[in-house]
Amino acid sequence: MDFNLPESAIAVQEGVRAIAGKYDQAYWDRCDAEKRWPEEVWRELVQGGWHSLAVPEEYGGAGQGLLELAVALESLAAGGAGGAASFMYLLTPAFGGLTIMRHGTEEQKREFLPRIVSGEIETCFAITEPDAGSNAINITTQARRDGDHFLVNGQKIWISGVERADFLVLVTRTIPAAEAKPRTAGFTVLLVDIKDAVAQGTLTYQPIPKLGTNTVASSMVFLDDVRVPAERVLGQVDEGFAVMWDILNPERILAAAGGVGSGELVLQVACDYARERAPFGTPIGANQAVAFPLARVKAQIELARLMTYKAAWLWDRGRPCGAEANIAKLTAADASWQAADRAFQTHGGMAYSLEYPVARMFRDARIAKNIPVAEELVLAHIAQHELGLPKSY
């Protein structure tokens, strides 16, 4: 058993931290306030190939794995980006790059992966629906075969990055849930050309005003007879459930990596303040009431990091990792939230001031307990599949 990171991951850690170090908290505050994508950072990640680490070398990538991608995300978050880092590694590197790498045809790989590596195209992912919520089995967005195309109709909600993406990785049903046997049958995953569909008037989207993570918009997406060529199916028609899980498990792992990095960043912010603030002549960090909760958060972050790396390691080897991905996401989200909460308490009333980054970090950390899957559903999965307890839903 070796707990040393491979040299490839250490190089990623150093390279991404060097980029993150160029941008201070004022930069991230501006991006958040202006509700704009951190274009300058994204451009550096693309130019350095730090976004395409898991793309095979034959398509221009680094030929590494999800572990290196997770380390990159964690390093960007810890280096200053905080919660803003997660979508920078989820939208195109994971939803596009990893999915096409695992499930694309050779033609699809040749068409899309080099363009992802070069930064020519970006992607996003759509599964959640207004009525289905976290119950993916019950989605109703329908893809109906029409000659050499599929016609897609339905609605998706909380779709992040659609306003800047070129292609949408879209989960549809080609067999309605009520008719599917088993119920996990009948899913088909499609690659939708967003700009073409928008030009045709068949895809529209409406941004949702939200509390945090404002460096990327999240939207309601409407699909009205969107025409998708049959050669844009990822995996097999009616057998997209396996593709879906190869999207959702990496999503959980990368979300966990973002939580670990964000927790580390906000804990550092809290500790810096606790060392400097001395209203009664002694730094407040000398008080156990301040120091011990921060120390407990440090322990939580380190434990979450171990499970995140383990889950990524398993995925890279094609081994089952559902439990590990869920546990990593659960523990990292909680560690990140506890770090933000303690940073808020450590700063006292000043945490409420937008002159400090704590308010933004606090807002961004809270949503991680709900997405990409609510912690209650993670606990239900662990209870049923790891503990053998009866299913409750």
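Conventions adopted
Residues numbered from 1 in each chain as written. Predicted model: local features only at pLDDT ≥ 70, side-chain atom pairs only at ≥ 80, totals over all residues. Heavy atoms only, no water. UniProt positions renumbered as here; feature names shortened; annotations may be inferred. Helix = DSSP H or I, 4+ residues; strand = E, 2+ residues; numbered from the N terminus. Expected span 1.5 Å × (residues − 1). Buried < 20%, exposed > 50% of the residue type's maximum accessible area, 1.4 Å probe, protein only. Contact = heavy atoms within 4.5 Å. Core = buried A, V, L, I, M, F, W, Y, C linked by side-chain atoms within 4.5 Å. Phe/Tyr/Trp six-rings, centres within 6.5 Å; stacked < 30°, edge-to-face > 60°. Lys NZ or Arg CZ within 6 Å of the ring centre and 35° of its normal. Patch = residues over 30% accessible without salt bridge, like charges linked within 9 Å, V, L, I, M, F, W, Y side chains within 5 Å. Areas by Shrake-Rupley, 256 points an atom, 1.4 Å probe, with all protein chains shown as cover. Salt bridge = Lys/Arg side-chain N within 4 Å of Asp/Glu carboxyl O.

### Brief notes about the UniProt feature "domain: Acyl-CoA dehydrogenase/oxidase N-terminal" (unreviewed entry) in the chain
Moving on, step 1. Per the UniProt entry, the sites bearing "domain: Acyl-CoA dehydrogenase/oxidase N-terminal" (unreviewed entry) are residues 9-120 in this numbering.
Moving on, step 2. Split by type, residues 9-120 is 71% helix and 0% strand. Its first and last C-alpha atoms lie 25 Å apart.

### Overview of helix H9 (residues 288-316)
Moving on, step 1. Taking 1.5 Å per residue as the helical rise, H9 with its 29 residues ought to reach 42 Å, and the 42 Å between its terminal C-alpha atoms agrees with that figure.
Moving on, step 2. Looking at H9, one finds that the buried residues are Val290, Leu294, Val297, Ile301, Ala304, Arg305, Thr308, Tyr309, Ala311, Ala312, Leu314 and Trp315.
Moving on, step 3. Those residues of H9 hidden inside the fold are in contact with helix H1 (7-20), helix H4 (66-81), helix H5 (84-103), helix H8 (241-276) and helix H10 (322-347).
Moving on, step 4. Looking one or two residues beyond H9, the residue adopting positive phi is glycine 318, at roughly 70°.

### Side note on the nonpolar core
Moving on, step 1. Val41, Leu45, Leu76, Tyr89, Leu168 and Leu203 are the most contacted members of the largest nonpolar core, which has 95 residues in total.
Moving on, step 2. The element that contributes the greatest number of residues to this core is H5, accounting for twelve residues.
Moving on, step 3. Beyond its immediate stretch of four places on either side in the chain, leucine 203 contacts Leu168, Val192, Ile194, Ala197, Val198, Val221, Phe222, Leu223 and Val226.
Moving on, step 4. Among the nonpolar cores identified, the runner-up in size contains 23 residues, and Leu267, Ala274, Leu294 and Ala351 belong to it.

### Some remarks on the packing of aromatic side chains
Moving on, step 1. On inspection of all chains with the given rule, the structure shows eleven aromatic pairs.
Moving on, step 2. Look at tyrosine 273 and tyrosine 356: their rings are 6.1 Å apart centre to centre, the planes differ by 85°, and that puts the pair in the edge-to-face class. One end of the pair, tyrosine 273, is in helix H8; the other, tyrosine 356, is in the loop between H10 and helix H11 (358-366), and 83 residues separate them in sequence.
Moving on, step 3. Looking at tyrosine 273, the relative accessible area reads 11%, which means it is buried.
Moving on, step 4. Taking relative accessible area as the criterion, tyrosine 356 reaches 27% and is therefore assigned partly exposed.
Moving on, step 5. One aromatic cluster is present, formed by Trp337, Phe344, Tyr352 and Phe362 through successive ring pairs.
Moving on, step 6. Here the basic side chain of arginine 173 rests over the ring of phenylalanine 187, its NZ or CZ set 4.1 Å away from the ring centre.
Moving on, step 7. Of note, arginine 366 hangs over the ring of tryptophan 337, and the distance from its end group to the ring centre comes to 5.6 Å.

### Considerations on a nonpolar patch on the surface
Moving on, step 1. Residues Met1, Phe3, Leu303 and Leu306 make up a contiguous nonpolar surface patch of roughly 570 Å² in combined accessible area.
Moving on, step 2. With respect to the helices, strands and loops of the structure, phenylalanine 3 is situated in the segment before H1.

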